[in-house]
Every structure is written in C-alpha cells, then in structure tokens.
Amino acid sequence: MPVSTPTHHDRHGHYPQASSVADFEHNLVAVRARIATACRRVGRDPSEVRLLPVSKTKPEACLRLAYAAGCRLFGENKVQEAFGKWEAMQDLTDLHWSVIGHLQTNKAKLVARFAREFQALDSLRVAEALDQRLQAEGRALDVFVQINTSGEASKYGLAPEDASTFIRQLPAFSALRVRGLMTLALFSAEAERVRRCFVLLRDLRERLRQNAPSGIALDELSMGMSGDFEIAIEEGATVVRVGQAIFGARLLSDSHYWPATSSTDAAQPS
Ligand SMILES: *Cc1c(COP(=O)(O)O)cnc(C)c1O
C-alpha cells in the first residue's frame, strides 16, 4: 500500500471550524477581503471573481448555516455525497450545486439530475454520458474542462496539449455549456511553482480561444483554493473554489479526494 504523503492540507489546517451563522459571515467577509486585495494588486475588479464555497465533508447542518450567511452555490468533490446533500436540502429551492471532482461515467446520471455545474470534465466518455442523461432529463449543465497543469501523474485532468482536440469535439454534446477551464495547482509551499500552473492555464485558454468552435466561449478560469487563491486571482482566475477558509479545516486528509501525490513513486521499488 502506498503511503499517502501530507499535502498542502497541512499548510492551512489551522482554519477554525465555523459553527454559527456569525462564523460563516465573518469568514465570508474575510475571504472576500482577500479576494479584493488580490484584485487590487493587479487592477482587476473583484466582481470578475466568483467565490465558490466548497462544502465537502461538512455535514448538512453546517451547509445550512452557510446558506443562512448567504451562500447559494456549494462545490462538492464527490458525487454521492453531493447528491445526498441535495436530496436532504430540497427545501432550499434557490440552492445550487457544483461538482468539482473527478466523475466516473456510472455516476453521470446523478450529476445530470441535480448539478448546475460540473468542473472536472476530462474525457469524451464522461461528456457523452452526461449529455445523454441531461437530454433525458431535459436539462443543461455548465461545464469546465479540467487541465492537469502540474504534470503530476496523480492529478486528474487533460494534458494541456490534448485540450484543443478535446474541446473541438464538445459541440456534439448540446446539453453541455462549456464555460472554461479548471485546474488544481501543484501542492507546494513555493509560490512561484504554484503560480506557474495558473499561468499555464491562462496561456492555454488564450491559445484555445483562437480556434475554439463557435458557441464555446472559454471565458472562465476556475483556479485557486484556500491556500493559493490570491495567486490564482493575480493570474486571471474568474472562479476560486474555497473550502477550508470558509468552513474550517477538514478532518479527512486531501488524499481522500485526490490520489496520493506520491502513489506513482511509492509504487516503485526504492
Ligand atoms: C476541496 C477542493 C477545493 C477547496 O480546497 P480548500 O483547501 O478547502 O479551499 C478546491 N477544489 C477542489 C477540486 C477540491 O476538491
């Protein structure tokens, strides 16, 4: 069994648990202030950056507090967990869900039922499965194409050089509204290495735009999390996915959500 190495989780595991509406209001104000400061540094308007609160692992009661503090869209990494929360919170009719984690085709049916947005599209099989299910439901879905900008074998997403061919095939799936690109940066304490991932995503978007099929705008760049969203904003993020800085530290290690960063190395004899 490969041993999972600690990730950036450790870097900001100090966020206290939010356990009241006031806690959430306070955290949201603090995160928005960080967003505004980052925008100011590079002359951007904070209204260009959408904050997506990430509620994974947190219980329904916490999500209800966040809702009371004004959140109307939650990001969840795992489909089953998101679907359960959606079912339990049907009474909140203006609450929407964004699935931000890797999807297996057999779960496309669930996503097509409840999600407003899917940020981790990285295969034609999933595109096709989603499109079929969405057509059957009479729904459409905003999607982001996930790109592996860190070059780590453990990360999901398309290799940057495969993105152009992939995106040119997406108009065939009319229930998918392609909004832009998404990435997870390298988990590193070295800001410049993290920044390189974000720059790569932005440059890729500029190149893809030049021969994107009609109807595919690629306006959005979803990049940046609690530990690195200021850097992402400096490099052009239009969506930042923020969990721990709003909800508090997670108990589960991030390797529960992403394959252990070291798994390929650990599999080799040392
Ligand atoms: C968990 C998660 C985030 C948020 O991470 P935090 O460290 O809690 O801000 C962002 N993006 C994805 C894909 C995630 O799974």
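What you are looking at is a predicted structure, and each value in this text was computed from that prediction instead of being measured.

Peer 1: Would you explain the site of the ligand in this entry?
Peer 2: By nearness alone, 15 residues border the ligand, and K56, N77, S226, Q244 and R250 come closest of all. Contacts to the ligand include R241, whose side-chain N or O atom sits 2.8 Å from a nitrogen atom. Out of a free accessible area of 390 Å², the ligand has 100% covered by protein chains. Its residues assigned to classes, the shell around the ligand comprises six nonpolar, six polar and three charged.

Peer 1: Would you mind going over helix α1 (residues 21-41) with me for this structure?
Peer 2: Quick reminder: α-helices carry 3.6 residues per turn. Residues three or four places apart thus point the same way. Spanning 21 residues, α1 covers 30 Å between terminal C-alpha atoms, matching the ideal 30 Å at 1.5 Å per step. Residues of α1 that are buried make contact with β1 (50-53), α2 (60-68), α8 (229-234), β8 (239-242) and α9 (244-247). Where α1 terminates, the next one or two residues include G43, which has phi positive at roughly 70°.

Peer 1: For this particular structure, what's the right way to read the pattern of salt bridges?
Peer 2: Here the idea is simple: oppositely charged side chains can pair when their charged atoms come close. Overall, the coordinates contain 21 salt bridges when judged by the stated rule. Among the salt bridges present, the one from R179 reaches D142, with a minimum N-O distance of 3.0 Å. In this pair, R179 is assigned in strand β6 (residues 176-182) and D142 in strand β5 (residues 141-146), connecting sequence segments 37 residues apart. Note on R179: relative accessible area 34%, which makes it partly exposed. You can call D142 buried: its relative accessible area is 12%. Between D219 and R209 there is a salt bridge, with its nearest N and O atoms 3.2 Å apart.

Peer 1: Got a minute to help me understand the nonpolar core in this structure?
Peer 2: Side chains that are nonpolar tend, in soluble globular proteins, to be buried together. The biggest cluster of nonpolar side chains holds 77 residues, and the ones touching the most others in it are F118, L130, L170 and L181. Residues V54, L73, F144 and V239 belong to the second largest nonpolar core, which totals seven residues.

Peer 1: Whenever I open this one, the confidence of the model for the protein chain confuses me. Can you help?
Peer 2: Any residue range with low pLDDT should be treated as having predicted coordinates unsuitable for detailed reading. The predicted model of the protein chain averages 91 in pLDDT, with 88% of residues at 70 or higher. Residue range residues 1-12 is modelled with pLDDT below 50. Its contacts to residues more than four positions away, or to other chains, number 25 contacts. For the stretch residues 262-270, pLDDT sits under 50, and the model shows five contacts to residues farther than four places along the chain or on other chains.

Peer 1: What's the story with the packing of aromatic side chains in this structure? I'm lost.
Peer 2: What describes a pair of aromatic rings is the distance from one ring centre to the other and the angle between the planes of the rings. Across all of its chains, the model carries six aromatic pairs by this definition. A ring pair is formed by F74 and W97, whose centres lie 5.8 Å apart and whose planes are at 50°; its orientation type is tilted. With F74 in strand β2 (residues 73-76) and W97 in strand β3 (residues 96-99), this pair connects stretches of sequence that are 23 residues apart. Comparing F74 with W97 shows no difference in burial state: the two are buried.

Peer 1: Looking at this model, I keep getting lost on the pairing of β2. Mind explaining?
Peer 2: Residues in a regular strand project their side chains so that they alternate between the two faces of the sheet. Because side chains alternate across β2, one face comprises the buried residues L73 and G75, and the other comprises F74 and E76, equally buried. Examined bridge by bridge, β2 and β3 share four bridges and lie parallel to one another. Note on β3: the bridge partner recorded for G75 is S98. Taking the sense of rotation as the criterion, the β-α-β connection linking β2, helix α3 (residues 79-88) and β3 turns out right-handed.

Reading the values: rules and limits
Residues numbered from 1 in each chain as written. Predicted model: local features only at pLDDT ≥ 70, side-chain atom pairs only at ≥ 80, totals over all residues. Heavy atoms only, no water. Near = heavy atom within 4 Å. Polar contact = N/O pair within 3.5 Å; in protein donor to acceptor, adjacent residues only side chain to side chain. Areas by Shrake-Rupley, 256 points an atom, 1.4 Å probe, with all protein chains shown as cover. Nonpolar A, V, L, I, M, F, W, Y, C, P; charged D, E, K, R; others polar. Helix = DSSP H or I, 4+ residues; strand = E, 2+ residues; numbered from the N terminus. Expected span 1.5 Å × (residues − 1). Contact = heavy atoms within 4.5 Å. Salt bridge = Lys/Arg side-chain N within 4 Å of Asp/Glu carboxyl O. Buried < 20%, exposed > 50% of the residue type's maximum accessible area, 1.4 Å probe, protein only. Core = buried A, V, L, I, M, F, W, Y, C linked by side-chain atoms within 4.5 Å. pLDDT = per-residue confidence, 0-100. Phe/Tyr/Trp six-rings, centres within 6.5 Å; stacked < 30°, edge-to-face > 60°. Pairing = 2+ DSSP bridges. Right-handed = clockwise from strand over helix to strand, strands pointing away.

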